[in-house]
Amino acid sequence: MIERYIPHELLLPRCAAMLTHCGFNSIMACLTLGLPMVGIPITADQPRNAERLADLGVAIIVGPHERTPEAFRAATREVLANAAYRQQAEALRDEIASMPGSEFGVALLE
């Protein structure tokens, strides 16, 4: 069966990596779980987000002129085989988890 939509919170805990357009919500969903990514940025803030993910060592980016099945396969295999991507994503997960929650921002505003 093909599903039109599956919420991140149901799908991502079962994944080892994610192919993503590099939108902010997708990135944060992955990073809060320590998932490495293969980025396929399209428009708006996605190319800059993708660049930052690559700089942080949590993703391989497949650019617009590289998008072939072979490129997606190679990038995905590299992200899964090279433990450094997962380790870096997990380090960011831990950093995010240690940050104060929204109640901190509310207290600052009050």
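Being a predicted model, the structure only gives us computed values, none of them experimental.

Analysis parameters
Residues numbered from 1 in each chain as written. Predicted model: local features only at pLDDT ≥ 70, side-chain atom pairs only at ≥ 80, totals over all residues. Heavy atoms only, no water. Core = buried A, V, L, I, M, F, W, Y, C linked by side-chain atoms within 4.5 Å. Buried < 20%, exposed > 50% of the residue type's maximum accessible area, 1.4 Å probe, protein only. Helix = DSSP H or I, 4+ residues; strand = E, 2+ residues; numbered from the N terminus. Contact = heavy atoms within 4.5 Å. Patch = residues over 30% accessible without salt bridge, like charges linked within 9 Å, V, L, I, M, F, W, Y side chains within 5 Å. Areas by Shrake-Rupley, 256 points an atom, 1.4 Å probe, with all protein chains shown as cover. Salt bridge = Lys/Arg side-chain N within 4 Å of Asp/Glu carboxyl O.

A word on the nonpolar core. Within the largest apolar cluster, 15 residues are counted, with the highest numbers of intra-cluster contacts made by L12, I27, C30, L31, M37, L53 and V58. Contributions of two or more residues to this core are made by α2 (24–31), α3 (46–56) and α5 (83–98). With 4 residues, α2 is the single largest residue contributor to this core. Not counting the four nearest positions on each side in its chain, M37 is found in contact with M18, T20, I27, C30, L31, L53, V58, A59, I60 and V79. Grouped together as the second largest cluster of nonpolar side chains are 7 residues, A17, V62, A75 and V79 included.

As a further point, take a nonpolar patch on the surface. On the surface, a nonpolar cluster with roughly 260 Å² of combined accessible area is contributed by I6, L10 and L11. Assignment of secondary structure puts L10 in helix α1 (residues 8–11). Residue L10 is classed as exposed on the basis of its relative accessible area of 55%.

For the structure shown, the criterion picks out 2 salt bridges. A salt bridge links R48 to E51; its shortest N-O distance comes to 3.2 Å. Taken together, the residues R48 and E51, both in helix α3 and 3 residues apart, mark about one turn of the helix. In this structure, D94 engages R93 in a salt bridge whose closest nitrogen and oxygen atoms are separated by 3.0 Å.

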